[in-house]
Amino acid sequence: MAKKNARAEDETKAELNMSSMMDACFLLIIFFVVNASQITVAKDPCVKMPNAVTCSEMKEAKGCVVVNVFPDVEKMDERTAKKFGENYVPGTAWSVSDGAKTIGYQPEQTQDLTDFITKQVEMWKAKNTDPAMLRLYIRGDKDAPWERSATAIRCGAAAGLSNVVFGTLPAK
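Residues numbered from 1 in each chain as written. Predicted model: local features only at pLDDT ≥ 70, side-chain atom pairs only at ≥ 80, totals over all residues. Heavy atoms only, no water.

Another point: the overall build of the chain. Looking only at helices and strands, the chain features 5 helices and 7 strands. Helices (α) and strands (β) of the chain occur, in sequence order from the N terminus, as α-α-β-β-α-β-β-α-β-α-β-β. Per-residue burial for the chain yields a buried fraction of 31% across its 172 residues. Of all intrachain contacts in the chain linking residues separated by at least 6 positions in sequence, the fraction that spans at least 24 positions is 70%. Of the accessible surface of the chain, which amounts to about 12000 Å², a share of 55% is contributed by carbon and sulfur atoms. (Helix = DSSP H or I, 4+ residues; strand = E, 2+ residues; numbered from the N terminus. Buried < 20%, exposed > 50% of the residue type's maximum accessible area, 1.4 Å probe, protein only. Contact = heavy atoms within 4.5 Å. Areas by Shrake-Rupley, 256 points an atom, 1.4 Å probe, with all protein chains shown as cover.)

If you want it as structure tokens, here you go:
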């Protein structure tokens, strides 16, 4: 009987504190949800997209070179014009983003815009992107002059892009 009591006293119950494990799991879930839902196309809040009667959602942003096309400041609402003035110099017609910074271009800087688009195309090609997936994504403001979008398309063509996507919002 003495041996049984000695064994019972030696046995200890193992307990795991699950709260720290649960905290780590929730942090991982939050991390993956936030990273999975990030914006895949550089969206400039100064661009007010036009509505379209029929449009489809772009499923894949891989291979897109995004060019934001701005209207004249006089055609922007007060809030947008203020934000535009904080981010760009007066007269900016287009903006592009390389992921790290946003660059604004003046109407006379079409060669600079073409050079940027060319670098983006080369970057996508270096990542072995299917050439059919390479496309110019125009995010034109509804009040922007058509000539600015046409110039961006010409710059994209000079950089070797033949596929063009126009960004719109669904009709309300």
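The next subject is the pattern of salt bridges. This model, assessed by the stated rule, comprises 1 salt bridge. With a closest N to O distance of 2.6 Å, R148 and D72 form a salt bridge. Here D72 lies in the loop between β2 (64–69) and α3 (78–87) and R148 lies in helix α5 (residues 146–158), a separation of 76 residues in the sequence. (Salt bridge = Lys/Arg side-chain N within 4 Å of Asp/Glu carboxyl O.)

Core analysis: the biggest nonpolar cluster contains 20 residues, and V65, V67, W94, L113, I117, L136 and L161 have the highest contact counts within it. Sorting the residues of this core by element identifies β2, β3 (94–97), α4 (110–126), β5 (135–140) and α5 as the ones contributing at least two each. Ranked by the residues each element gives to this core, the list is headed by α4, at 5 residues. With sequence-adjacent residues up to four places away left out, L161 is seen in contact with V65, I117, V121, L134, R135, L136 and G156. Of all hydrophobic cores here, the second largest spans 10 residues; its members include C46, M49, F70 and F84. (Core = buried A, V, L, I, M, F, W, Y, C linked by side-chain atoms within 4.5 Å.)

Enumeration according to the criterion identifies 5 aromatic pairs in this entry. For the pair F70 and F84, a centre-to-centre distance of 5.0 Å together with 70° between the ring planes defines the contact as edge-to-face. Note that F70 is positioned in the loop between β2 and α3 and F84 in helix α3, a separation of 14 residues in sequence. Both residues of the pair, F70 and F84, belong to the buried class. Between F84 and Y88, the ring centres sit 5.1 Å apart and the planes meet at 40°, which makes this aromatic pair tilted. In this pair, the class of F84 matches that of Y88, namely buried. Members of the aromatic cluster, each reached through a chain of ring pairs, are F70, F84 and Y88. (Phe/Tyr/Trp six-rings, centres within 6.5 Å; stacked < 30°, edge-to-face > 60°.)

Despite not being glycine, N128 shows a phi value in the positive range, around 60°. For N128, the location among the structural elements is in the loop between α4 and β5.

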